[in-house]
Amino acid sequence: MAENRNKLVHTFGALADLGQEVANKNNFQETIRTSLHLILGSLGIMRGGVARYSRFGHEFNMLAVRGLGDEFPLSLGLCYEDERQFLVNGLHPIDIARAKVLPFFQVYDRTFESTKLELMMPLVIRDETVGAVFLGEKATGDPYTSYDREIICAMGRHIGGAIAQRNMLAELERQASENRKLYENLRTTYKDTVKAFAAAIDCKDKYTEGHSVRVGKYSEIIGAELGWGEEEIEGAAVAGYLHDVGKLTVERKIINAPYRINAKESAELNKHPAVGYEILLPIHHPYTDVPLAAKYHHERLDGHGYPDGLYDREIPYIAKVVNLADSFDAMTTDRPYKRRRPAGEVFDDLRRNSGKQFAPEIVAAFFRGILKELDGESKDKRFRKLLGREYMESEGLAPMLKNSLNAMTPTSPLTMISLD
Ligand SMILES: [Fe+2]
Ligand SMILES: [Fe+2]
């Protein structure tokens, strides 16, 4: 009686260990190996192995073996009938000697005999075969008792659970990676489409070649300087690329007029924000506010902009960003009736108009972005590439920007930007 109880305590101890081992999902191989050792150890079995079932390969692949020798195959093939029978059998030990009718046991008859395997248990978990446990004779030479078989079932359930969990995880990882790839593809397609659109818009306007692309880049720089996240920065770039999409419906001769356009032509041209909004609204953008940026990129803080004459807080933030980028590009590129203005003059204009046309913190962010490049703090020469080296290297730009920043942002003396 006492011996029986000891055995019970010992076995349940092993089962508890096994449960713990299975719960540790870090090293699957190790878990399976330990599980096998626990079964063999707790029942005094000489040798055995645990295999994982491959649905695609129709085979059992050995995950852990002990005492089966080098000759034992790493994979054991199954035919349809075997698979069906194992599933019907469920999670119960099969006596190998009495199961010779199944093709599986006929094929591996000699292998099982030479390794003295006595039991084979399909690991059937939630109506699915996930693997198998193979067990040799007991060290005592005694036959397996029904009690042993129950223990084997209980332990098999744990091991099968671990394999099923692993399979599920692998499947989830596969799906996640597939989704990631799909998403990346879609994102690339979207970005390419946006760029193609920007190129199409810019094509129409021969004097401001590359305008949309530059506005996209300036908006991106501002977003980054405002401390936005990666997605928002990308959204700012897209909003910049597409802000003038409404110009696609404006007559080419108005857009390309080599003179200052008259009131009627101007009214026609001024429809482009609203038209742009209509074009962009039905598109499902991965970023919010892209249509709003198009609609309100000609609004001003002081309410003197168009189309709706909105005031400061009524204007969507992204539209304020694009507005600055747009105005900056208009001032720094040659127009048919006007040459571009010197950099110093442009920065002065932005500073003077901050609070009137532009949001001060957006101007400040833009200045910081330019300053970082002038000071060599940021290595990519984006402004130099977009505006030309000479333009950006004109005298006194950096001190001027520093002065403006100090005057614009409420700072304590400690955070003043040094002028040296
Ligand atoms: Fe515009
Ligand atoms: Fe524009």
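Numbers given to residues run from 1 along each chain, matching the order in which its sequence is written. Chains carry letters and ligands carry numbers; both start at the beginning, A for chains and 1 for ligands, and go up in the order they are written. Totals for whole chains, interfaces and linings use every residue, but because this is a predicted model, local features are given only for residues with pLDDT of at least 70 and side-chain atom pairs only at 80 or more, for both listing and counting.

Trainee: Which parts of the structure should I look at to understand the overall build of the chain?
Mentor: Helix and strand definitions follow DSSP, with helices as H or I runs of at least four residues and strands as E runs of at least two, each counted in order from the N terminus. Scanning the chain from N- to C-terminus turns up 18 helices and 6 strands. Its C-alpha atoms put the chain at 105 × 55 × 40 Å along the principal axes. Put simply, a residue is buried when 20 or more other C-beta atoms lie within 10 Å of its own C-beta and exposed when 12 or fewer do; between those, it is partly exposed, and each C-beta is set from the backbone. A burial count over the chain gives 35% of its 420 residues as buried. Here, residue contact means that the backbone-derived C-beta atoms of the two residues sit within 7 Å. Long-range pairs, those at least 24 residues apart, make up 62% of the contacts in the chain between residues at least 6 apart in sequence.

Trainee: Explain the sheet that holds strand β1 (residues 48–54) here, please?
Mentor: Within a sheet, adjacent strands bond to each other through the backbone by hydrogen bonds, running parallel or antiparallel. Strand order in this open sheet of 6 strands is β3-β2-β1-β6-β5-β4, and the pairing throughout is antiparallel. At either end of the open sheet lies a strand with only one pairing partner, and these are β3 (75–77) and β4 (94–95). Of the strand pairs in this sheet, β1 and strand β6 (residues 128–136) are connected by 5 bridges, and their pairing is antiparallel. From the neighbouring strand, G49 faces β6, where its bridge partner is F134. Contacts between helix α2 (residues 28–43) and the sheet are confined to β1 and β2 (59–66), with β2 contributing the most and set at about 65° to the helix. Two strands qualify as a pair provided that DSSP identifies no fewer than 2 bridges between them. Lines are fitted to the C-alpha atoms to define the axes, a helix being fitted only along its stretch in contact, and any angle between axes, read from their N-to-C directions, falls within 0 to 180 degrees.

Trainee: Any chance you could explain the pairing of β1 here in plain terms?
Mentor: Along any regular strand, the residues point their side chains to alternate faces of the sheet. Of all the 7 residues making up β1, 6 are buried; the element is thus mostly covered by neighbouring parts of the structure. The turn joining β1 and β2, which pair antiparallel and follow one another in sequence, is formed by 4 residues; a positive phi near 50° is taken by H58.

Trainee: Explain unusual backbone geometry to me, please; I cannot follow it from the model alone.
Mentor: Comment: phi is negative for the bulk of residues other than glycine, and the bulk of peptide bonds are trans. The peptide bond linking Y306 to P307 adopts the cis configuration, its omega dihedral lying at 10°. Mapping P307 onto the fold places it in the loop between α12 (290–296) and α13 (317–332). In this structure, H58 is a non-glycine residue whose phi angle is positive, near 50°. Within the fold, H58 resides in the loop between β1 and β2. Here H58 falls in the partly exposed class, since 14 other C-beta atoms lie within 10 Å of it. The backbone of D127 shows a phi angle near 60°, a positive value even though the residue is not glycine. If you trace the backbone, D127 turns up in the loop between β5 (117–125) and β6.

Trainee: Can you help me understand the domain arrangement of the chain in this one?
Mentor: A common way to state how big an interface is: give the accessible area lost once the parts meet. Here the limits of each domain have been adopted from an automatic or database domain assignment. Per the domain assignment, the segments of the chain are domain 1 (2–174) and domain 2 (205–415). Here domain 1 and domain 2 have C-alpha centroids that lie 68 Å from each other.

Trainee: Explain the pairing of β6 to me, please; I cannot follow it from the model alone.
Mentor: Of all 9 residues in β6, 8 are buried, a share of seventy percent or more. Sheet topology places β5 next to β6; 8 bridges connect them, and they run antiparallel. Pairing of M121 across the sheet is with V133, part of β6.

Trainee: How should the environment of K402 be read in this particular structure?
Mentor: When you line up the elements, K402 lands in helix α18 (residues 397–408). By the C-beta count within 10 Å, which is 19 here, K402 ends up partly exposed. Along the backbone, K402 and A200 are 202 residues apart, and their C-alpha atoms lie at a distance of 38 Å.

Trainee: Looking at this structure, how should I read the environment of E395?
Mentor: Within the element layout of this structure, E395 appears in the loop between α17 (389–392) and α18. A sequence separation of 51 residues divides E395 from G344, and the C-alpha atoms of the two residues are 8.5 Å apart.

Trainee: In this structure, what is going on with the nonpolar core? I would like to understand it.
Mentor: Nonpolar side chains tend to gather and get buried jointly when the protein is soluble and globular. Buried Ala, Val, Leu, Ile, Met, Phe, Trp, Tyr and Cys residues whose C-beta atoms connect them within 7 Å together make up a nonpolar core. With 44 residues, the main nonpolar core has I222, L242 and L324 as its most contacted residues. Mapped by element, the contributors of at least two residues to this core are α6 (146–204), α7 (211–225), α8 (230–242), α12, α13, α14 (343–353) and α15 (360–374). Among the elements that line this core, the one with the most residues is α15, at 8 residues. One finds L40, L43, F60 and F104 within the second-largest nonpolar core, a separate group that totals 38 residues.

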